[in-house]
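# Structure at a glance
Chain residues, written in single-letter form:
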Amino acid sequence: MNSLAASYGYVAKPWINFDSDQFNINYFHPPRVARFFQQFSSYPLSQIIKSHHHVDFFAGVLEEITQSFIILYIHRDPRGVMPSFWRFNNQLAWREGPQTETCQQFIRAQPGGRLLRYQINQQKSMVHRWQSHVSGWVSAARHNPHIQLVSYEKLRDDYRGVMEELSPLLQHQPTAFTPPDKLTNVVSPNTGYQPQCQFGEVDEAFFQECAGDLLAKLGYGLPSDR
């Protein structure tokens, strides 16, 4: 969101938070989800709408929504996602998701807590949840030109290239190529001691078992290949 604001002039703060229950949305009724977006479609919108929801929440209405909106779906190697997510959950006073002693336990834990609001069906583990979430949006993007997949790693390592690639879809030229500060306008910046998380061969095998095909499709090879 900060990148779109910095390079294309969108408003990332405040953003429109589709994740929030303040809108009293029946998330399990796709036509109601579509009406949420329709209320903004009658006038130019510079603010970004943020969502962490599984693609199933938009079943049957994605074509309608993307007549007025572009969806950018950010994906990241789960071997980077999981340590960050584990630390984030453990620093909270409430149960946002599984709170485990180690990140090795976290990747094998069944999803729970408030993050269940983003999924329709339960998953066996947090890695299975990642696989289901990402594969659903990858499939949707294959059939809808207004859904763009964006690699977290590529955005980090080739910021200018990613911003330029978005230009045809956004129908604008980027005005700046300086990456925004990573500590500005974030939900919960990391502070203080950060516990370490290192995955071993057994953990790597678990990632491959749960999501090997998707990891290969997205270019997330074995650690030795990256």
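Note that this is a predicted model, so its numbers are computed, not measured.

Reading guide: rules and limits
- Residues numbered from 1 in each chain as written.
- Predicted model: local features only at pLDDT ≥ 70, side-chain atom pairs only at ≥ 80, totals over all residues.
- Heavy atoms only, no water.
- Axes fitted to C-alpha atoms, helices over the stretch in contact; angles between N-to-C directions.
- Helix = DSSP H or I, 4+ residues; strand = E, 2+ residues; numbered from the N terminus.
- Parallel < 35°, antiparallel > 145°, perpendicular 65-115°, else oblique.
- Left-handed = near helix turned anticlockwise from the far one by under 90°.
- Contact = heavy atoms within 4.5 Å.
- Nonpolar A, V, L, I, M, F, W, Y, C, P; charged D, E, K, R; others polar.
- Disulfide = S-S within 2.5 Å.
- Buried < 20%, exposed > 50% of the residue type's maximum accessible area, 1.4 Å probe, protein only.
- Phe/Tyr/Trp six-rings, centres within 6.5 Å; stacked < 30°, edge-to-face > 60°.

A few words now on the packing of helix H4 (residues 78-90) against helix H6 (residues 126-143). Running from N to C, H4 and H6 point in directions that differ by 125°, and their axes come no closer than 11 Å. Classified by the angle their axes make, H4 and H6 are oblique. Remark: the crossing between H4 and H6 carries right-handed chirality. The segment H4 lies against H6, with Pro78, Val81, Met82 and Phe85 engaging Met126, Val127, Arg129 and Trp130. Within the contact of H4 with H6, the residues separate by chemical class into seven nonpolar, no polar and one charged.

Summed over all chains, the structure comprises one disulfide. Covalent S-S linkage joins Cys103 and Cys197, the inter-sulfur distance amounting to 1.8 Å. Between Cys103 and Cys197, the disulfide has an S-S torsion of 100° and is therefore right-handed. In this pair, Cys103 is assigned in helix H5 (residues 103-108) and Cys197 in the loop between helix H9 (167-170) and helix H10 (201-217), connecting sequence segments 94 residues apart. Here Cys210 stays free of any disulfide, with the sulfur of Cys103 as its closest cysteine sulfur at 15 Å. Judged by relative accessible area, which is 10%, Cys210 ranks as buried.

Let us now look at the packing of aromatic side chains. What the rule picks out here adds up to 13 aromatic pairs. With 5.4 Å between their ring centres and 55° between their planes, Phe28 and Phe57 make a pair best called tilted. Remark: Phe57 occurs in the loop between strand E2 (47-50) and helix H3 (62-65) and Phe28 occurs in the loop between strand E1 (11-17) and helix H2 (30-38); sequence separation between them is 29 residues. Accessibility expressed as a relative area gives 55% for Phe28, which makes it exposed.

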